[in-house]
Amino acid sequence: MPSANQQPSPNSGLNLVLFSISQSILLQIGTASILLLLTTQKTTVRALEAIGEASEELFRGDRLPILNFPDDNELDKS
């Protein structure tokens, strides 16, 4: 079983032709992108809820104009 204090090998990480990227940098980039996606998702959900509530206000009855309908008695007389 490997010990917990074992040093990482010099070849760990992503080795490309011209340069190499260490595992810690890859982990930092991955963590930052996940946090950014979670923040964006929460903001998007709040914006969509606000748009939905605003669209409901358009269809509320107290915001619609009152229409004057003729009475039934007036229709029968003509």
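Residues numbered from 1 in each chain as written. Predicted model: local features only at pLDDT ≥ 70, side-chain atom pairs only at ≥ 80, totals over all residues. Heavy atoms only, no water.

## A look at the overall build of the chain
When you go through the chain residue by residue, the secondary structure sums to two helices and two strands. In the chain, the succession of α and β elements from N to C terminus is β-β-α-α. Split into buried and exposed, the 78 residues of the chain put 0% on the buried side. Counting every atom, the chain has about 7,800 Å² of accessible surface; 62% of that belongs to carbon and sulfur. (Helix = DSSP H or I, 4+ residues; strand = E, 2+ residues; numbered from the N terminus. Buried < 20%, exposed > 50% of the residue type's maximum accessible area, 1.4 Å probe, protein only. Areas by Shrake-Rupley, 256 points an atom, 1.4 Å probe, with all protein chains shown as cover.)

## Examining a nonpolar patch on the surface
On the surface, a cluster of nonpolar side chains totalling about 350 Å² of accessible area is made up of Leu14, Leu16, Phe19 and Leu26. Checked against the element boundaries, leucine 14 lands in strand S1 (residues 14-15). (Patch = residues over 30% accessible without salt bridge, like charges linked within 9 Å, V, L, I, M, F, W, Y side chains within 5 Å. Salt bridge = Lys/Arg side-chain N within 4 Å of Asp/Glu carboxyl O.)

## Some details on the confidence of the model for the chain
The share of residues in the chain with pLDDT of 70 or more is 68%, and the mean pLDDT across the chain is 80. When the elements of the chain are averaged for pLDDT, helix H2 (residues 72-77) gives the smallest value, 63, and helix H1 (residues 23-58) the largest, 93. (pLDDT = per-residue confidence, 0-100.)

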